[in-house]
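Here is what each chain is made of, one letter per residue.
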Amino acid sequence: MLWQDCKGVEAGCGGKRRLRSTVIAMRLPCSFWFLLLFSTGGLLLLLHLQDLTETIQQGPGAKLIFPHGQLVSKDQCPHCADAEIQASIQPAKLFLQAPRSSLLNPRDITAQVTKNHRKLLLKSSSPLLQLSSTPAGRAKNSISRLTRVQRSRRKLMREVCAKYRSSNIARAVTRQHVSRIYVEDTHKLLYCEVPKAGCSNWKRVLMVLQGQAASTGEIQHEQVHYGNHLKRLDSFNHQGIARRLETYTKVLFLREPFERLVSAFRDKFESPNSYYHPVFGKPIISRYRSNASQTALRTGEGVTFKEFIQYLLDVHRPVGMDIHWEPVVQLCSPCLIDYDFIGKFETIEEEANFLLRRIGAPANLTFPSFKDRNPNAARTSSRITQEYFAGLNLTERQRTYDFFFMDYLMFNYSKPFEDLY
């Protein structure tokens, strides 16, 4: 319109020589203003597009920082990237804070929260924040996390031992203290056996490390437990024991105590067993069952979980203790032996494979996950454990918890029932 008006002024001036020079003089300002407005519009459009392209997708572990100093983690606001953010937060602007583990430290980027931006967040991806999503990045994060876990577990174990160990008694490590520890000399590994916490598969791994088998899958259950393929630490002389305790990697894997106890009961008393039924079942039924049948007294079959708990808590047991339900603090003596690695059954595959890489095991050796005894039976879980303990009264549950109290405390397991103290 401005250009046309300028033309109109020129045409209207006709043959008036006096105004023609004025019209010619106005052409330059009109062209200038037209170009200035055109450039300004293009600049505004360019700035808006740049604002959109600078919007980056939130990476793993990042935090959303809103005005008024309020922090909202991505876990608390899982749909912030693709849905309207709650009005109570008042998100006028959004800042992205990269995780501390990022290799680079980009400056904070301010972005206007609009629907177009959220669409762009879903479609675009920042190479910087994708570094932690690569296989190498995930492996590095996993190693760092597992290393911190081990540091924390060892610290707690030492603190509990220091608190409860008698200061006026200097105890030496005896052969009995190391009788449950298996030796693997090639990779300088000492493994304390905790039954019902993956010990059968750990023995398979030790046999492969020693070259006695090519893979864990080809080793049968009888070979693991009755083949005498592995050496125990108590089979060495005093100097051999001391040297290995000083220089080898000492490993302990354990399990939630109540869950381990139920797993042992199901395995030894609910399935056919030529040893535990006559050796443990018969005296348990004889002592704790009123009007027991002759068949039960003769075979020892059919022990109930309540009868088993009565035997466990009896200071005058009719038959001795067994390693399958003995507390870990007694099996492995963690206050006398400073273990380098404390693994848990609940995350055994990840932690065992992490350990195998640390000791230089063959790359193709991984911790097996198969269940070789009673493979058709469901693996004992927290839900199954709760079902078994539901048949006990509060006093029996509390006394059982007291029996395993040091395992719960030293290895940071939560109380299995809220009414326990």
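Everything numeric here is computed off the predicted structure, so don't read it as measured data.

(A) Spatial organisation of the overall build of the protein chain. Summing up its helical and strand segments, the protein chain has 16 helices and nine strands in all. Burial analysis of the protein chain (421 residues in total) assigns 39% to the buried set. The long-range fraction of contacts in the protein chain, counting pairs at least 24 apart against all pairs at least 6 apart in sequence, stands at 68%. About 24,800 Å² of surface is accessible on the protein chain, with carbon and sulfur atoms providing 55% of the total.

(B) Just the packing of helix α9 (residues 276-288) against helix α11 (residues 305-313), in detail. Where α9 meets α11, the axes come as close as 10 Å, and the angle between the chain directions of the two elements is 90°. Classed by the angle they form, the pair α9 and α11 counts as roughly perpendicular. The segment α9 lies against α11, with Phe-280, Ile-284, Ile-285 and Tyr-288 engaging Glu-307, Gln-310 and Tyr-311. Residues that form the contact of α9 with α11 fall into these classes: five nonpolar, one polar and one charged.

(C) Inspection of the packing of helix α8 (residues 257-269) against α11 at higher detail. It is the contact of α8 with α11, at a shortest axis distance of 11 Å, that shows an interaxial angle of 115°. As summarised for this structure, α8 and α11 are arranged roughly perpendicular, according to the angle between their axes. As α8 packs across α11, the resulting crossing turns out to be right-handed. For the pair formed by α8 and α11, the contact residues are Leu-261, Val-262, Phe-265 and Phe-269 on the first element and Phe-305, Phe-308, Ile-309 and Leu-312 on the second. In the contact of α8 with α11, the residues fall into eight nonpolar, no polar and no charged.

(D) Up close: the confidence of the model for the protein chain. With 68% of its residues at a pLDDT of 70 or more, the protein chain has an overall mean of 79. Across residues 119-125, confidence stays below pLDDT 50; counting only partners more than four residues off in sequence or on other chains, it has twelve contacts.

(E) View of the pairing of strand β5 (residues 181-184). Burial along β5 is two-sided: Ile-181 and Val-183 and Tyr-182 and Glu-184, pointing in opposite directions, are all buried. Note that β5 and strand β6 (residues 189-192) share four bridges and pair antiparallel. Each bridged residue has a counterpart across the sheet, and for Val-183 the counterpart in β6 is Leu-190. Hairpin connection from β5 to β6: four residues lie between these consecutive antiparallel strands, with Lys-188 at a positive phi of about 55°. In this sheet, strand β7 (residues 231-232) lies alongside β5 in antiparallel orientation, the contact comprising two bridges. Each residue of the ladder has a partner; that of Tyr-182, found in β7, is Arg-232.

(F) Spatial organisation of the sheet that holds β7. Here five strands make up an open sheet; going across it, the order is β7-β5-β6-β8-β9 and the pairing mixed. A strand with exactly one partner marks an edge of an open sheet, and here the two such strands are β7 and β9 (341-344).

(G) Representation of helix α4 (residues 135-164). Given a rise of 1.5 Å per residue, 30 residues ought to cover 44 Å, and the 44 Å separating the end C-alpha atoms of α4 matches this to within 8%. Looking at α4, one finds that the buried residues are Gly-137, Leu-146, Gln-150, Arg-153, Met-157, Val-160 and Cys-161.

(H) The arrangement of helix α15 (residues 394-403) in detail. Those residues of α15 lying buried are Glu-396, Arg-397, Gln-398, Thr-400 and Tyr-401. Those residues of α15 that are buried lie in contact with α8, α11, α14 (382-389) and α16 (405-410). If you check the start of α15, you find a side-chain oxygen 3.2 Å away from the backbone N of Thr-395, and it comes from Asn-393.

(I) Broad picture of the state of the cysteines. Taken as a whole, this structure holds two disulfides when the rule is applied. In this model, Cys-192 is linked to Cys-332 through a disulfide, with the two sulfur atoms separated by 1.9 Å. Judged by the torsion about the S-S bond (-95°), the Cys-192/Cys-332 disulfide is left-handed. Of this pair, Cys-192 sits in strand β6 while Cys-332 sits in the loop between α12 (328-331) and β9, and the two are 140 residues apart along the sequence. One exposure class covers both Cys-192 and Cys-332, and it is buried.

(J) Structural detail: the packing of aromatic side chains. This structure, assessed with the given rule, holds 30 aromatic pairs. For the pair Trp-202 and Phe-253, a centre-to-centre distance of 5.3 Å together with 50° between the ring planes defines the contact as tilted. Here the residue Trp-202 occupies a position in helix α5 (residues 199-209), and Phe-253 occupies one in strand β8 (residues 249-254), the gap between them amounting to 51 residues. For the pair Trp-202 and Phe-253, one class covers both residues: buried. Between the aromatic rings of Tyr-275 and Tyr-276, the centroid separation amounts to 4.9 Å while the plane-to-plane angle is 90°, which identifies the pairing as edge-to-face. Overall, the relative accessible area of 7% leaves Tyr-276 in the buried class. Seen from the ring of Phe-236, Arg-244 lies directly overhead, with NZ or CZ sitting 3.8 Å from the centre. Against the face of Phe-417 rests Arg-397, its NZ or CZ located 4.9 Å from the ring centre.

(K) Inspection of the side chain of Arg-397 at higher detail. Summarising the element assignment, Arg-397 is placed in helix α15. For Arg-397, a relative accessible area of 11% corresponds to the buried category. Beyond its immediate sequence surroundings of up to four residues, Arg-397 is in contact with Phe-258, Phe-389, Leu-392, Phe-417, Asp-419 and Leu-420.

(L) Representation of the side chain of Ser-333 within the structure. Summarising the element assignment, Ser-333 is placed in the loop between α12 and β9. Its relative accessible area of 8% is what places Ser-333 among the buried residues. Non-local contacts of Ser-333, meaning those with residues more than four positions away in its chain, are made with His-177, Val-328 and Tyr-339.

(M) The arrangement of unusual backbone geometry in detail. Unusually for a residue other than glycine, Lys-188 sits at a positive phi of about 55°. Mapped onto the elements, Lys-188 comes out in the loop between β5 and β6. For Lys-188, a relative accessible area of 46% gives the class partly exposed. The residue Lys-196 is not glycine, and still its phi comes out positive at about 65°. One can find Lys-196 in the loop between β6 and α5.

About the criteria used
Residues numbered from 1 in each chain as written. Predicted model: local features only at pLDDT ≥ 70, side-chain atom pairs only at ≥ 80, totals over all residues. Heavy atoms only, no water. Helix = DSSP H or I, 4+ residues; strand = E, 2+ residues; numbered from the N terminus. Buried < 20%, exposed > 50% of the residue type's maximum accessible area, 1.4 Å probe, protein only. Contact = heavy atoms within 4.5 Å. Areas by Shrake-Rupley, 256 points an atom, 1.4 Å probe, with all protein chains shown as cover. Axes fitted to C-alpha atoms, helices over the stretch in contact; angles between N-to-C directions. Parallel < 35°, antiparallel > 145°, perpendicular 65-115°, else oblique. Nonpolar A, V, L, I, M, F, W, Y, C, P; charged D, E, K, R; others polar. Left-handed = near helix turned anticlockwise from the far one by under 90°. pLDDT = per-residue confidence, 0-100. Pairing = 2+ DSSP bridges. Expected span 1.5 Å × (residues − 1). Polar contact = N/O pair within 3.5 Å; in protein donor to acceptor, adjacent residues only side chain to side chain. Disulfide = S-S within 2.5 Å. Phe/Tyr/Trp six-rings, centres within 6.5 Å; stacked < 30°, edge-to-face > 60°. Lys NZ or Arg CZ within 6 Å of the ring centre and 35° of its normal.

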